[in-house]
Amino acid sequence: MSLEQYKILSSRFGRDDGHKLSVYEAEGGYTALKKVMSTMKPGDVIEEVKESGLRGRGGAGFPTGVKWGFVPKDAAQVYFMVNADESEPGTFKDRYLMDYDPHQTIEGTIISCFAVNSSLAFIYIRGEFGWLVDRVQTAVDEAYAAGYLGKNILGSGFDLEVIVHKGAGAYICGEETGLINSVEGLKGQPSIKPPFPAIEGFLKQPTVVNNVESVAAVPWIINNGAAAYKNIGSEKSAGTKLFSVSGPIKNPGVYEIPLGMPFSEFFNDHLGGMVEGETLKAVIVGGSSVPILTAEEAMQVNLDYESLDEVGTFLGSGGMIIIPESSDMVELIQVLMHFYFDESCGQCTPCREGTGWLHQIIKKMRHGEGTADDLDLIEHVCQGMAGLTICALSDAAVMPMRSFIEKFRPEFEALIQETAPAGNASLWPRGE
Amino acid sequence: MAKLTIDGKELDVADGSSLFDACTTARGEELPNFCYHPDLSIAGVCRLCQVEIEGMPKLTIACNTVVRDGMVVHTRNERVTKTSRQILEMHLINHPVDCPICDQAGECGLQDQYMNFGLYDSEVQMQDKVNKAKAKVIGPQVILDKERCVLCTRCVRFCDEVTGTSELGIFERGNRSEIGTAPGVELDNNYSLNTVDICPVGALTSRDFRFQKRVWMLKGTESICAGCATGCNIRIDHEGGRIYRLLPRRNEAVNGAWMCDIGRMTYKTVHDEIRVTDPSAKGVSARWADLQGDLQGMMAAGWGLVVGSAHQSLEELHLLKMVAGEAKIVGGLAGSDMDIGDELLLNADRTPNRSGLAMLDLHEQDGANLAALITAAQGAVLIHGGNPASDDAVAKAITAHGQVIYLGTHQNETAQLCALVLPGATWAEKAGLFANKDGRLQSFKQSIARSGSSREDWRVLAEMVGPDGPSSLKAVRESLAAALNLGEVNLNKLPATGYAAKAVVPGGDS
Amino acid sequence: MDALIERYPTKASALMPCIWVVMDEVGYVPSDAVDLLVEKLEVSRARVYELLSFYTMFRTEPQAEHTLQVCHNISCHIMGARPLIAHIEKRLGIRLGKRTPDNMFALEGVECIGACGMGPCLQLGKHLYEDLTNEKMDVILDSLRKGIVPRADTDRLTVEGGA
């Protein structure tokens, strides 16, 4: 199946001029905004997006229109945050949206803010994407100059200010309340819920946090209608999704596919299969925090929310990682456990101590100090972590840990059986 | 009202209340917790107070849950107990096994909860534990052990929300997180020792109390701080005749759950080297029996002047009036013991019972007046407590008069100038009542035994009154109650939180 | 900084961008910069240091001339991050996490920086180098030693890079 017909988000990817306002407008940009400003009320926009079936594209998959609906209609001040803190390992799609088509995101943001009556929006870009900030800021400036931002947008009486806010290196700021706290000038530690952000978020006011990709889909939905969006994709997963694919495949990169496409089709027809000399061993479909699939399992599955739920994993961020036969699964899980240990904000005890403990156990195992009880111990630690914390980072560490052991247990057991030679100072293969 | 069922027990709870509090009521004890504190914001970080609420798939922390009518809650079933154990274990894996040298032992949240439902062996080896700085002085009163900290954030919240001074923070992230002060900042506000109280473990401990005494050897006696007119409710912790520390007792009407550092250190005056513990005449130690003759002689001609003090209890002041009889009696040196107060608890008036003077219609005098009264006094002068000779004119007058008796506790200027010094008791060594700045009557009890041959002041005064006077503290209080027109209030059985006498009006129409 | 404080709804919320102002100008946040932040933003010293220690990109010590940050997360690992790191270690004569004695280079391992399909990759400030090989790495190092920051693909997006 050709992906050409599915360029809802990615029509300007790869071009060197698509980010310019003049080009965006010439290709129909800001038509949706004009339509909204002249013919629609905020409630209409919320209904349209609800109808479309658009779900949060950052990882949680929560229906976007429903989230907007939680904001009290009579709130005096509402804030909007565009979550561009893309830090989930394997995920590199939001950067493309902001790089090649920042105005699409901006237009989507303005419409979204109109829908929830927000007059101040922050675009939170992770600090490591410092190279992206100029492009986004320039686009924002262009939008101001054209009257799409600021006071009385297109004569509608609607005001919106947009601030581009740079993060500073913390994965946990991608969690919506962590992001809100970070913008408030606190550490980016998630808040306890209740209260939920839609009721009490930034500066205790109703706040909506949406991923870049979610917001970027809004203009197309307004222009083409909810039904058209729903028509694409599968029964419970409307529309398209950006998948950023990495690993030793012939064609890594970012793809926009209709939800529901079988993985086998995606893998063979678009990713080009594995590179010469490698075979498919496993697939992480949506960012490191989702349970892993074996090659066999992946080949049976469709890429949408419901199919992936059924096989015990989930769509997540769409950060797909292709794992070859040559990979050592224990080595890979050590890499991931180091990540969660590094990024845990440290607030709540099960995650703070648990992520450190898991990392330590695996590290020792790879140093040749593993014991027969370690796999049971790991499960014990996971039980003390899953579902017991303020945010889902704890679960995000537990899910890969448990699924790697579940599906590749022999590799762990084999490693525990053999002992590394004493005095082996280095874990990592040294390239010579 | 909301009707809840907690562990099979039905109870009615006010709408809007916290499920944590409801569980405490139902269970008779708090849910396991570290970060919860009734006077601080909800943090929800320790994750220990998880309960099962029927209808909700995941366990929920009770501290952040508002009760709803019809809630059915389980706090002790297998799922909750297993989870609490697992979370407690997480708190312990990097915790140093410092109990043998940690001051918190015996009053430690971790120890208590471990003994309650932990009792497991460690799964983490000593060399794998995360190491952090230990024994770090972070302020004049507080010392920090970063390894022991369970990151409950109570101390950080206290400094943000109660004192507003924000000296503390939590730095780094993940299991490298540690509490501390910012570089160049000390934890030196006047309430710093409250962080030691609220720290559930031995991370923040008192430098003054460090290594002094194991807490299980201490006895606690309910008392009132005599450091200022606020009258914070306290507990005196003592053993073998020595006081080791003062801790606040909760009284919502006076001090909440806190007291100030200055107040905490007032116990040191009890064990001061310059204590007066034996009688003396013209600087020479004597026994009570030996001085009876001199005393009777001085009293025979009638008192020329009686001087009280805002440091003395209501009972003592009441008796002092009886001792004076027709003779002139004044409240003491006006303006004495005044210093700077703060916006929280510390009052500028550093005496515990100035309101008591007003209630009993006793008036303080400035130095010149007091000196003049002493000079003009025909007959012996009795000074009870305080240190009026700190004023030069008064000192001169006392020296010139020659027949001044001092009933007090410390070898101060007054004691040194008086002809006869009788050793009374400090507030920690006797029982009594103080009236704080709002006229609240609060009772304090005797904690340690008196040293030397010092005696309860009320007894000394009662003897001076003679056989017609009251012969027990109980009787003194009954007489006092009548004098203050307190009606039904029984001063021998005051409510735990004290008694708010109405506006302090001289003459006492309460 | 004042312009930023104007735009943000509260003073405290302008703290992160103000710290960035210092980082961009000085390369790290010294103690007197903290004094300035405390004064201008009316936040406690503890708060500022909390942020400085929580976020990996904020530094409180002077940095090396070039801090080479190599991603060692899962995708880059699969595509050869470790051998690349070993190669750089050999070329620079230092271990991962250390600095060369002349303060020219620091080598840091970092978590996912969002270039997974183009790994292994390296970040040098605002320059992101992708699809690295040992040979490409050598070219980069040689150029840096000469004082020239070689062009990264992401330079097309930055004002300095000619956006």
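Residues numbered from 1 in each chain as written. Chains lettered and ligands numbered in written order. Predicted model: local features only at pLDDT ≥ 70, side-chain atom pairs only at ≥ 80, totals over all residues.

Observations regarding the overall build of chain A
Counting its secondary structure elements, chain A contains 17 helices and 9 strands. For 432 residues, the compact-globule estimate of 2.2 N^0.38 gives 22 Å, and chain A sits close to it at 22 Å. With the C-alpha coordinates of chain A rotated into their principal frame, the extents come out at 75 × 45 × 40 Å. Within chain A, buried positions represent 60% of all 432 residues. Expressed as a percentage of contacts within chain A between residues at least 6 apart in sequence, the contacts between residues at least 24 apart total 72%. (Helix = DSSP H or I, 4+ residues; strand = E, 2+ residues; numbered from the N terminus. Rg over C-alpha atoms; globule rule 2.2 N^0.38 Å. Buried ≥ 20, exposed ≤ 12 C-beta atoms within 10 Å, placed from the backbone. Contact = placed C-beta atoms within 7 Å.)

Some details on the overall build of chain B
Looking only at helices and strands, chain B features 14 helices and 25 strands. Taken along its principal axes, the extent of the C-alpha atoms in chain B is 85 × 50 × 35 Å. For chain B, long-range pairs separated by at least 24 residues make up 64% of all intrachain contacts whose partners lie at least 6 apart in sequence.

Some details on the nonpolar core
Nonpolar side chains in soluble globular proteins generally cluster together in the buried interior. By size, the foremost hydrophobic cluster in this structure holds 242 residues, and its most contacted members are A:Met81, A:Ile110, A:Ile111, A:Ile123, A:Met401 and C:Cys121. It is helix α17 (residues 393–417) of chain A that provides the largest number of residues to this core, a total of 11 residues. Setting aside its immediate chain neighbours within four residues, A:Met401 contacts A:Ile333, A:Met337, A:Leu358, A:Ile378 and A:Cys382. Listed in part, the 83 residues of the second largest apolar core include B:Leu246, B:Leu317, B:Ala435 and B:Trp458. (Core = buried A, V, L, I, M, F, W, Y, C linked by C-beta atoms within 7 Å.)

Quick notes on the interface of chain C and chain B
In this complex, chain C contributes 9 residues to the contact, which on the side of chain B involves 13 residues. Looking at the side of chain C that touches chain B residue by residue, the classes come out as 3 nonpolar, 3 polar and 3 charged. (Nonpolar A, V, L, I, M, F, W, Y, C, P; charged D, E, K, R; others polar.)

Remarks on the domain arrangement of chain A
Residues and elements named next belong to chain A. Domain parsing of chain A yields domain 1 (4–231), domain 2 (240–324) and domain 3 (329–417). If you average the C-alpha positions of domain 1 and of domain 2, the two centres end up 26 Å apart. Between domain 1 and domain 2, the residue contacts involve 19 residues of the former and 21 residues of the latter. Across the side of domain 1 that touches domain 2, the residue classes break down as 7 nonpolar, 6 polar and 6 charged. (Domains from an automatic or database assignment.)

Quick notes on the pairing of strand β23 (residues 432–435) of chain B
All names here are of chain B. Covered by surrounding structure in β23 are Gly432 and Phe434 together with Leu433 and Ala435, the residues of both alternating faces. The pairing of β23 with strand β24 (residues 440–444) spans 4 bridges and is classified as antiparallel. Counted as the bridge partner of Phe434 is Gln442 from β24. Joining the antiparallel neighbours β23 and β24 is a turn of 4 residues, in which Gly439 adopts a positive phi near 80°. (Pairing = 2+ DSSP bridges.)

Observations regarding the interface of chain C and chain A
Taken together, the contact between chain C and chain A spans 45 residues of the former and 53 residues of the latter. Listing elements by their share of the side of chain C that touches chain A, those giving two or more residues are α2 (15–26), α4 (45–54), α5 (74–78), α6 (81–92) and β4 (127–129) of chain C. Taken together, the residues that form the side of chain C that touches chain A break down as 25 nonpolar, 15 polar and 5 charged.

Quick notes on the sheet that holds strand β6 (residues 253–258) of chain A
Residue and element names in this part refer to chain A. Here we have 5 strands laid out as an open sheet, ordered β6-β5-β9-β7-β8, and mixed in their pairing. What marks the edges here is a single partner per strand, and that holds for β6 and β8 (293–294). Judged from the 2 bridges that link them, strand β7 (residues 280–284) and β8 form a sheet pairing that is antiparallel. Within β8, the residue paired with Val283 across the bridge is Leu293.

Concerning the confidence of the model for chain A
Summary statistics for chain A give a mean pLDDT of 94 and a share of 97% for residues scoring 70 or more. Confidence over residues 420–432 of chain A falls short of pLDDT 50; this stretch has 12 contacts with residues more than four positions distant or in other chains. (pLDDT = per-residue confidence, 0-100.)

Topic: the pairing of strand β4 (residues 207–211) of chain A
Successive side chains on a regular strand alternate, one facing one side of the sheet and the next facing the other. Residues and elements named next belong to chain A. Counting buried positions along β4 yields 5 of 5 residues, so the element is predominantly enclosed. Residues Thr207, Val209 and Asn211 line one face of β4 and the alternating positions Val208 and Asn210 line the opposite face, and both faces are buried. Summarising the sheet, strand β1 (residues 79–84) and β4 pair through 5 bridges and their orientation is parallel. Looking across to β4, one finds that Tyr79 is bridged to Thr207.

Digging into the packing of α6(C) against helix α7 (residues 134–145) of chain C
Residues and elements named next belong to chain C. Where α6 meets α7, the axes come as close as 10 Å, and the angle between the chain directions of the two elements is 40°. Considering only the axes of α6 and α7, their crossing is right-handed. Note on element contacts: α7 touches α6 through Asn134, Met137, Asp138 and Leu141, opposite Leu84, His87, Ile88 and Arg91. The residue inventory of the contact of α6 with α7, partitioned by class, reads 4 nonpolar, 2 polar and 2 charged. (Axes fitted to C-alpha atoms, helices over the stretch in contact; angles between N-to-C directions. Left-handed = near helix turned anticlockwise from the far one by under 90°.)

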